[in-house]
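# Structural overview for review
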Amino acid sequence: MTGKVYLVGSGPGDPELLTVKARRLVDEADVVLHDKLPGPEILTSIPEAKREDVGKRAGGEWTPQEYTNHRLVELAEADNTVVRLKGGDPFVFGRGGEEAEHLAANDVPFEYVPGVTSAVAGPGVAGVPVTHRDYTSSVSFVTGHEDPTKEESAIDWHALAETGGTLVVLMGVGKLPAYTGELLDAGMDPETPVALVERATWPGQRVATGSLADIVEVRDREEIEPPAITVIGDVAATRARVAAFLRNGPDTGEDNR
Ligand code: SAH
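Residues numbered from 1 in each chain as written. Predicted model: local features only at pLDDT ≥ 70, side-chain atom pairs only at ≥ 80, totals over all residues. Heavy atoms only, no water.

### Here's the deal with the layout of surface pockets
In this structure, the largest pocket encloses a volume near 1400 Å³. Around the largest pocket sit 38 residues that line it, and Leu37, Trp62, Phe93, Met171 and Pro227 are the ones nearest its centre. If you list the elements that add at least two residues to the lining of the largest pocket, you get α3 (65-77), β4 (81-86) and β10 (228-232). Of the residues that constitute the lining of the largest pocket, the class distribution is 17 nonpolar, 12 polar and nine charged. (1 Å grid on protein atoms, 1.4 Å probe; cavity = no way out; pocket = protein on both sides within 12 Å on 5 of 7 lines; lining within 4 Å. Points joined across faces, edges and corners; volume = space filled by probe spheres on them. Helix = DSSP H or I, 4+ residues; strand = E, 2+ residues; numbered from the N terminus. Nonpolar A, V, L, I, M, F, W, Y, C, P; charged D, E, K, R; others polar.)

Okay, structure coming up:
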């Protein structure tokens, strides 16, 4: 077999944040399997003839992961050079781990190509460093997708509240009321600053800020939608101190609140 799969991170969306290696591999690939998360600018820079969308279908349904796994193996076995392009980093909530295991189980050679994760870059472009010597020396990356009230939830929000560190929540727009509620229940200060960063580095990036107590209201008023990052912790207040001089994205200079 001469086929090979590259599990490639696209970064958060700005084409200049695609690594040099990712750009080369995309250009050289026979086929690029992608979803929507690399963002419009990167996707339109790839010739349509070699793009295959394995993200959300027209009806709003996700392409089943089994199909993507199967398609990667099928294309590699037909001697294609395949790029599996994922938003951010392939191994951060990107199901890259499952794809790597599936490829290995099917004897398909693959390479992991790291990308700039939105978990760090999202807060950063809003002027929020995920760690800061004066405020926190730990950071947790969490999925907000799970229902925190369900019995079998794998995420212990009470324990997370107690770390005192920065919490970065991915896929956390819809269930924002549930997990901020859990954090408040756990005794986290209602004044804890929170920032929502929507479409970080995409055209139309937006930032909205509030506190643990009022961020749901802010989300609703500003109509913040996925993809967005939620960053919770004292570091989120850094934005207010640097925003006037920050030149990342169209919303700089003032908050949308
Ligand atoms: N592998 C990706 C994350 C995939 S999970 C990474 O490393 O960035 C999907 C979630 O990522 C989205 O729901 C959102 O929370 C976040 N996300 C990805 N790209 C984003 C962007 N440009 N702006 C804001 N959030 C983003």
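What follows picks up the thread again.
### Quick word on helix α7 (residues 176-185)
Listing the buried residues of α7 in full gives Leu176, Tyr179, Thr180, Glu182 and Leu183. Viewed end-on, α7 has its buried residues packed into an arc of 150 degrees, placing them on one side of the element. On its buried face, α7 is in contact with α6 (157-163), β7 (166-170), β8 (193-198), α8 (215-222) and β10. Positive backbone phi, at 95 degrees, marks Gly187, one or two positions downstream of α7. (Buried < 20%, exposed > 50% of the residue type's maximum accessible area, 1.4 Å probe, protein only. Arc of directions from axis to C-beta. Contact = heavy atoms within 4.5 Å.)

### As for the nonpolar core
Ranked by size, the top nonpolar core spans 21 residues in total, and within it Trp157, Leu183, Met188 and Ile232 carry the most contacts. Within the residue set of this core, elements represented by two or more residues are α6, β7, α7, β8, α8 and β10. Excluding residues within four positions of it along the chain, Met188 makes contact with Ala161, Leu167, Leu183, Leu212 and Ile232. (Core = buried A, V, L, I, M, F, W, Y, C linked by side-chain atoms within 4.5 Å.)

### A word on unusual backbone geometry
Between Pro226 and Pro227 the backbone carries a cis peptide bond, its omega angle lying at 0 degrees. In this structure, Pro227 sits in the loop between α8 and β10. A positive phi angle, near 50 degrees, is found at Arg199, a position not held by glycine. Mapped onto the secondary structure, Arg199 falls in the loop between β8 and β9 (206-211). With a relative accessible area of 28%, Arg199 lands in the partly exposed category.

### Details of the site of the ligand
Surrounding the ligand, one finds 18 residues, the nearest of these being Val92, Thr117, Ser118, Ala200 and Ala228. In this structure, Thr117 approaches the ligand through a side-chain N or O atom, which is 2.7 Å from an oxygen atom. In the model, a nitrogen atom of the ligand is placed 3.3 Å from a nitrogen or oxygen of the Trp202 side chain. Isolated, the ligand exposes 540 Å² of accessible area, and the fraction of that covered by the protein chains is 94%. A molecule is said to occupy a pocket when more than half its atoms come within 2 Å of that pocket's grid points, and by this definition the ligand occupies the largest pocket. The residue makeup of the shell around the ligand, split by class, is 12 nonpolar, four polar and two charged. Each of two domains, domain 1 (4-113) and domain 2 (118-252), supplies a minimum of three residues to the shell around the ligand. (Near = heavy atom within 4 Å. Polar contact = N/O pair within 3.5 Å; in protein donor to acceptor, adjacent residues only side chain to side chain. Areas by Shrake-Rupley, 256 points an atom, 1.4 Å probe, with all protein chains shown as cover. Sits in = over half its atoms within 2 Å of the grid points. Domains from an automatic or database assignment.)

### Overview of α8
Residues of α8 that are buried include every one of Ile215, Val218, Arg219 and Glu222, and no others. The buried residues of α8 all sit within an arc of 100 degrees when viewed along its axis, so they share a single face. Where α8 is buried, its residues touch α7, β8 and β9. Where α8 ends, the next residue or the one after it, Glu223, has phi of about 50 degrees, a positive value.

### Here's the deal with the confidence of the model for the protein
Summarising the model, the protein shows a mean pLDDT of 93, and 94% of its residues fall at 70 or more. Residue range residues 252-257 is modelled with pLDDT below 50. Its contacts to residues more than four positions away, or to other chains, number 17 contacts. (pLDDT = per-residue confidence, 0-100.)

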